[in-house]
Amino acid sequence: MENKHLVGSVVSLLTDPRKRLTVNKYLKRIYYCEEIGDGDKKMLSFFERELIPIPLN
């Protein structure tokens with residue numbers, strides 16, 4: 001199974017589309033992301049079904 005979101009891409013949450021995340025790592029079907037503008041630089045983990053791509057304008 002291929003990963004849908006590439007490392008370095010910007011995505012948002014399905015439940016909160018206003019929240020912007022950067023994909024840092026993809027391991028074993030889990031995306032490890034960092035919230036843009038978060039000073040603490042916490043790593044958050046999500047499944048692919050929880051993320052939506054942000055279209056380039």
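To be clear, the structure that these remarks concern was listed above.
Cut-offs applied
- Residues numbered from 1 in each chain as written.
- Predicted model: local features only at pLDDT ≥ 70, side-chain atom pairs only at ≥ 80, totals over all residues.
- Heavy atoms only, no water.
- Helix = DSSP H or I, 4+ residues; strand = E, 2+ residues; numbered from the N terminus.
- Rg over C-alpha atoms; globule rule 2.2 N^0.38 Å.
- Buried < 20%, exposed > 50% of the residue type's maximum accessible area, 1.4 Å probe, protein only.
- Contact = heavy atoms within 4.5 Å.
- Areas by Shrake-Rupley, 256 points an atom, 1.4 Å probe, with all protein chains shown as cover.
- Lys, Arg positive; Asp, Glu negative; His and termini not counted.
- Charge placed at Lys NZ, Arg CZ, Asp CG, Glu CD.
- Pairing = 2+ DSSP bridges.
- Axes fitted to C-alpha atoms, helices over the stretch in contact; angles between N-to-C directions.

### Side note on the overall build of the chain
Broken down by element type, the chain carries 0 helices and 5 strands. Reading the chain from its N end, one meets helices and strands in the order β-β-β-β-β. Rg of the C-alpha trace for the chain: 11 Å, near the compact-globule value of 10 Å for 57 residues, within the 12% margin. A burial count over the chain gives 21% of its 57 residues as buried. Here the analysis covers contacts within the chain between residues at least 6 apart in sequence; of these, 34% occur between residues at least 24 apart. Working note: accessible area of the chain is about 4,400 Å², and carbon and sulfur atoms make up 54% of it. Distance between charge centroids for the chain: 3 Å, based on 10 positive and 8 negative side chains.

### Notes on the sheet that holds strand 3 (residues 30-35)
Sheet architecture is open: 5 strands sit in the order 4-3-2-1-5, paired in antiparallel fashion. Edge strands, defined here as strands with exactly one partner in the open sheet, are strand 4 (43-46) and strand 5 (51-53). For this sheet, the mean angle separating the axes of adjacent strands, direction not counted, is 50 degrees. As paired strands, strand 1 (residues 10-13) and strand 5 are joined by 3 bridges and run antiparallel to one another. Residue pairing in the sheet places Ser12 in a bridge with Ile52 of strand 5.

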